[in-house]
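Residues per chain, in single letters:
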Number of protein chains: 2
Amino acid sequence: MRLSRYFLPVAKETPSDAQIVSHKLMLRAGLIRQTAAGIYAWLPLGLRVLRRIEQVVREEQDRAGAVELLMPTIQSADLWRQSGRYDAYGPEMLRIKDRHDRDMLFGPTNEEMITVIFRDAVKSYRDLPRTLYHVQWKFRDEVRPRFGVMRGREFLMKDAYSFDLDEEGLKASYEAMFVAYLRTFARLGLQAVPVRAPTGPIGGNLSHEFHILADTGESALFYDAAIEDVTRDELLSADAATIARLTGLYAMEEEEHGKADCPVPPDRLRTRRGIEVGHIFAFGTKYSASMGMTVQTGDGGQVHPHMGSYGIGVSRLMGAIIEASHDEAGILWPQSVAPFQVGLINMRADDPNCTSAADDMQGRLQGAGLDVLYDDRDERGGAKFATMDLIGLPWQLIVGPKGLAKGVVELKRRATGEREELSFESALARLSSK
Amino acid sequence: MRLSRYFLPVAKETPSDAQIVSHKLMLRAGLIRQTAAGIYAWLPLGLRVLRRIEQVVREEQDRAGAVELLMPTIQSADLWRQSGRYDAYGPEMLRIKDRHDRDMLFGPTNEEMITVIFRDAVKSYRDLPRTLYHVQWKFRDEVRPRFGVMRGREFLMKDAYSFDLDEEGLKASYEAMFVAYLRTFARLGLQAVPVRAPTGPIGGNLSHEFHILADTGESALFYDAAIEDVTRDELLSADAATIARLTGLYAMEEEEHGKADCPVPPDRLRTRRGIEVGHIFAFGTKYSASMGMTVQTGDGGQVHPHMGSYGIGVSRLMGAIIEASHDEAGILWPQSVAPFQVGLINMRADDPNCTSAADDMQGRLQGAGLDVLYDDRDERGGAKFATMDLIGLPWQLIVGPKGLAKGVVELKRRATGEREELSFESALARLSSK
């Protein structure tokens, strides 16, 4: 993509209304643009990151055997009256009347809808277990939206729902999602702490939250330092032993920590702030019973399936990743979600030789399957460097007349600032191997 | 994907509330499920088709140089007050009050929002021309939703917006989108007729609708038979001559036809019904002027950019494709949007040899990069054939004990019903070359 034909409105100044670093950087780097309180447009660069995060989430859901569908944003209030949640849900629910004066709402979650879809389609034990998920925009009418996409009103969420014949089956589905979550966050370059959670308004008997450690997190966590020893490879393999070890280690939010007798010796107790990016619940027959879903068992009886629900805040993850990965100059995207892998800088767009060499390099980088953002504009080199550092692509490839005279280009690794002069062929080989 | 682990609730009976064939087939084939009047959940198979249609649309937008972003569904009424459309828009607009009693709405279109985003980011002629687009859920509160996704309330739309310095630039942007539309519909296997349109509530001075010819279309079209002579290859190459020829040929909706002096001799005048799947407008400075967007020109002056907007009904296209491509047994998906390319049928899931051979074939078909839906269930062959015909995958590969004894499988082409016995290696080679 040529920057001269792209839409990347970066800003030098820090926006005055942004309090936390991810919000500031997302506005400055032209990732998002607020269009109403707590509601954002995703500008082209931000949308690319959002789609990459979504794709990692999707791949791990698919890997866990979950099946994707897509439910609508607008729901009928009647659905929520069946479960009894319509009146129980607070003012965070965006309630709407349509032109025929029917009560509708913008879905904050989908337990009721998926229960009805499954109920009307599935009648036999042979169609269980099944986990269905979707990635869809949700709305929660926060009284005081803040921190950019971290606590917005319209946000993108992955929510999965499992259906099992019995409690044992539910436990297996819950663990499969637990594994998917550990893998998802590890692939996104994040250290996530699973915290045993109170179950809250969704109800049920087993629940974990997944928190990213960051100073700007809204929750105070208390946990066993041994959690930090679990390696990325262990999280990616996520076998039964790793899960048993992780869930066996103490981790609580402040409120629950205060209540519990803490089993962790003081020298191993850590306290840090966390950003909640995922939440899983095993709630059993709450919805299947209240909404009249039964399936026939092998011996001809009828049972209410046992259900769980499993959420990941996809848009919030972008903020969490930036909180965990930035420096003074801007964002440092992990390779797995970077909007482009390479920023190609033409230092002298007014020099035909330099431009011709840079054009050629763009074609060859793209030919090697790399996503390239090519700064072909006629601007000063300093401004181009600042923009590239701000938007945080993993690699910068700099083409200038002095280097070309020597037959070299400069390759800069954004995360470390390391720069190296090398032939274009070597640079291409290096980048292609990443 | 194994059907035993998928979620594909097909129905034998025709749903009583569906009037047109695409609506009936989408419900029967388990593509969609109504969750409220005019609001649908996209079941896994339907979602796969929707994503494929969306991807064809996206590729042609990108090819035309448009840049993708994503605007939110919920908009502030203040935006629409700036353009004067808040009061002008009818009861199709879903109006909402948030918890602070602010007027919001579920976007039916995005002229206002994109104008503000562009206005606040772009100040110089050097950043023009630019075309931005997004693919997002829209809501229009139809008084009488019907025909399934063809006239639903929540629907997926691609809408693009172009910004040019002057009218000549706008004409070029409009033509680039015209080409993208011709290519998009041709790739989807559809014959689209561009109809010169009155401009309606979006305003402006040049507009075309794109209609798919189908007996169930809501519009009556009158057009020059020569339009049917334009070939798919001509549409895909869509050079200036093709466009001049197409736009020069007479095509009008009934109401406009009645008004005009028709230049087409009676023997060349065709009348058929059409489904509107796209609509493009060049409306000039309507929004840039009313919403105060100016850019600096090369000589230091200020101008209001000339704009156009360009919509495609992505979810509606699924209905239109089915209207254009089905038979008595079910859907016939064009290759470009088929949810899977191959339906693999194990005729005897209770026979270990047959199952082992079918399992092996699934692995090898997927290894060759083919999307396979594998019916591995222990059901009668007749039911499996009926399901595969109903869901309309381009190819069926049938593995049964008799064939295996002879070393052959059966390959069926869904569109023609042709069946052929051949070795598995030959079948794999045949399918891989498609």
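Quick summary incoming for the structure in this document.

Cut-offs used in this document
- Going along each chain's sequence as written, the residues are numbered from 1 onward.
- Naming scheme: in the order in which they are written, chains are lettered from A and ligands are numbered from 1.
- Thresholds applied to this predicted model are a pLDDT of at least 70 for local features of residues and 80 or more for the giving and counting of side-chain atom pairs; totals over whole chains, interfaces and linings are not thresholded and use all residues.
- Computation of side-chain values covers all heavy atoms of the structure but excludes hydrogens and water.
- Strand pairing is assigned whenever DSSP detects at least two bridges linking the two strands.
- By definition, any uninterrupted DSSP run of H or I lasting at least four residues is a helix, any uninterrupted run of E lasting at least two residues is a strand, and each is numbered from the N terminus.
- The axes used here are C-alpha line fits, helices contributing only the stretch in contact, and every angle between their N-to-C directions lies in the interval 0 to 180 degrees.
- The scheme is simple: roughly parallel for angles under 35 degrees, roughly antiparallel for over 145, roughly perpendicular for 65 to 115, oblique for anything else.
- By definition in these notes, contact holds between two residues if any of their heavy atoms fall within 4.5 Å.
- For this scheme, ten residues count as nonpolar: Ala, Val, Leu, Ile, Met, Phe, Trp, Tyr, Cys and Pro. Four count as charged, namely Asp, Glu, Lys and Arg, and the remainder, Gly too, count as polar.
- Superposition of the copies used a least-squares fit over C-alpha atoms from residues whose pLDDT is at least 70 in both.
- The buried label applies to any residue whose accessible area, calculated with a 1.4 Å probe on protein chains only, is under 20% of its type's maximum; exposed applies above 50%, and partly exposed to all values in between.
- Expected helix span is given by 1.5 Å per residue-to-residue step, counting one fewer step than there are residues.
- Taken from the helix axis, the directions to the C-beta atoms give the arc we talk about.
- Any pair of N or O atoms that falls within 3.5 Å is considered a polar contact. Within protein, one atom must be able to donate a hydrogen and the other to accept it, and sequence-neighbouring residues count only if both atoms are side-chain atoms.
- In plain words, nonpolar cores are sets of buried Ala, Val, Leu, Ile, Met, Phe, Trp, Tyr and Cys residues tied together by side-chain atoms within 4.5 Å.
- A quick way to say it: buried area is the sum, across both parts, of accessible area lost when two parts are put together, with a 1.4 Å probe.
- Any Lys or Arg side-chain nitrogen located within 4 Å of an Asp or Glu carboxyl oxygen qualifies as a salt bridge.

1. Structural notes on the sheet that holds strand 4 (residues 74-76) of chain B
The strands that make up a sheet are held in pairs by hydrogen bonds between backbone atoms, and each pair lies either parallel or antiparallel. All names here are of chain B. Within the open sheet, the 3 strands sit side by side as 4-6-5. Their pairing is antiparallel. Across the chains shown, the open sheet's two edge strands, defined by having one partner strand only, are strand 4 and strand 5 (94-97). Sheet twist, expressed as the average angle between the axes of neighbouring strands with direction ignored, equals 35°. As defined by bridge partners, strand 4 adjoins strand 6 (residues 103-106) across 3 bridges and the pair is classed as antiparallel. Paired with I74 across the strands is F106, a residue of strand 6.

2. Topic: the packing of helix 1 (residues 21-28) of chain A against helix 11 (residues 314-324) of chain A
All names here are of chain A. One way to put it is that helix 1 packs onto helix 11 with a least axis distance of 8 Å and a crossing angle of 105°. As far as their axial angle goes, helix 11 and helix 1 are roughly perpendicular. Side by side, helix 1 and helix 11 meet where V21, S22, L25 and M26 of the first sit next to M318, G319, I322 and E323 of the second. The residue inventory of the contact of helix 1 with helix 11, partitioned by class, reads 5 nonpolar, 2 polar and 1 charged.

3. Considerations on the relation of the copies chain A and chain B
Taken as rigid bodies, chain A and chain B are interconverted by a rotation of 180° and an axial shift of 0.0 Å, the fit giving an RMSD of 0.0 Å. Between the two chains, the operation in question is that of a two-fold axis. Within chain A, the C-alpha atom positioned nearest to the axis of rotation is that of I96(A), 2.9 Å from it.

4. Overview of the environment of G400(A)
Residues and elements named next belong to chain A. Summarising the element assignment, G400 is placed in the loop between strand 21 (395-399) and helix 14 (401-406). Along the sequence, G400 and A349 sit 51 residues apart, while their C-alpha atoms lie 9.4 Å from each other. Not counting chain neighbours up to four residues away, the residues in contact with G400 comprise M347 and C354.

5. Some thoughts on the environment of L249(B)
All names here are of chain B. Turning to its location among the elements, L249 is positioned in the loop between helix 8 (240-248) and strand 12 (251-253). A relative accessible area of 16% places L249 in the buried class. A sequence separation of 108 residues divides L249 from A357, and the C-alpha atoms of the two residues are 56 Å apart. Apart from residues no more than four positions distant in its own chain, L249 is found in contact with D224, A226 and I227.

6. So, helix 12 (residues 352-367) of chain B
For an α-helix, 3.6 residues make a turn, and residues three or four places apart therefore share a direction. Residues and elements named next belong to chain B. The end-to-end C-alpha separation of helix 12 is 22 Å, in line with the 22 Å expected for 16 residues at 1.5 Å each. By the burial criterion, the buried members of helix 12 are C354, T355, A357, A358, M361, Q362 and L365. Projected down its long axis, helix 12 shows its buried positions confined to an angular sector of 160°, all on one face. For helix 12, the exposed residues lying more than 90 degrees away from the buried face are P352, N353 and G367. Where helix 12 begins, the side chain of D351 points an oxygen toward the backbone nitrogen of N353, at a separation of 2.9 Å. G369 occupies a position one or two residues after helix 12 and carries a positive phi of about 85°.

7. Considering the packing of helix 6 (residues 167-187) of chain B against helix 8 of chain B
All names here are of chain B. Following both chains from N to C, one finds helix 6 and helix 8 inclined at 85°, their axes separated by 11 Å at the closest point. It follows from the interaxial angle that helix 6 and helix 8 lie roughly perpendicular. Residue-level inspection shows E175, F178, V179 and L182 of helix 6 in contact with helix 8, the latter providing I243, L246 and T247. Along the lines of polarity and charge, the residues of the contact of helix 6 with helix 8 split into 5 nonpolar, 1 polar and 1 charged.

8. Re the nonpolar core
Residues and elements named next belong to chain A. Membership of the largest hydrophobic core comes to 115 residues, with the highest contact counts inside it found for L31, W42, I53 and W333. In terms of residues, this core owes the most to one element, helix 6 (residues 167-187), which gives 10 residues. The contact partners of L31, leaving out residues within four places of it in the chain, are M26, A41, W42, L43, L45, G46, M318, I322, I331 and W333.

9. Focus on the interface of chain A and chain B
In this complex, chain A contributes 55 residues to the contact, which on the side of chain B involves 55 residues. Carbon and sulfur atoms supply 61% of the area buried between chain A and chain B, which totals about 4600 Å² over both sides. For chain A, the biggest contributors to the area lost against chain B are F7(A), L70(A) and R99(A); these three give 16% of the whole. Here chain A and chain B share 6 salt bridges between them. Here E92(B) ties to R99(A) by a salt bridge, and the two come within 3.2 Å at their closest N and O atoms. The tally of links from chain A across to chain B stands at 21 residue pairs in polar contact (both at pLDDT 80 or more). Here the side of chain A that touches chain B takes 6 residues from helix 5 (residues 111-121) of chain A, the largest share from any one element.

10. Observations regarding the sheet that holds strand 19 (residues 342-346) of chain B
Residues and elements named next belong to chain B. Across the sheet, 5 strands lie side by side as 20-19-21-22-23; this open sheet has mixed pairing. Looking along the sheet, the strands with just one partner apiece sit at the ends: strand 20 (372-375) and strand 23 (419-422). Taking each pair of neighbouring strands and ignoring which way they run, the sheet shows an average axis angle of 20°. Sheet topology places strand 21 (residues 395-399) next to strand 22 (residues 409-413); 4 bridges connect them, and they run antiparallel. Considered in strand 22, the bridge of I398 is made with E410. The sheet contacts of helix 13 (residues 381-391) involve strand 19, strand 20, strand 21, strand 22 and strand 23, and relative to strand 19 the element is tilted by about 175°. Strands strand 19, strand 21, strand 22 and strand 23 of the sheet are contacted by helix 15 (residues 424-432), whose axis makes an angle of about 130° with strand 23.

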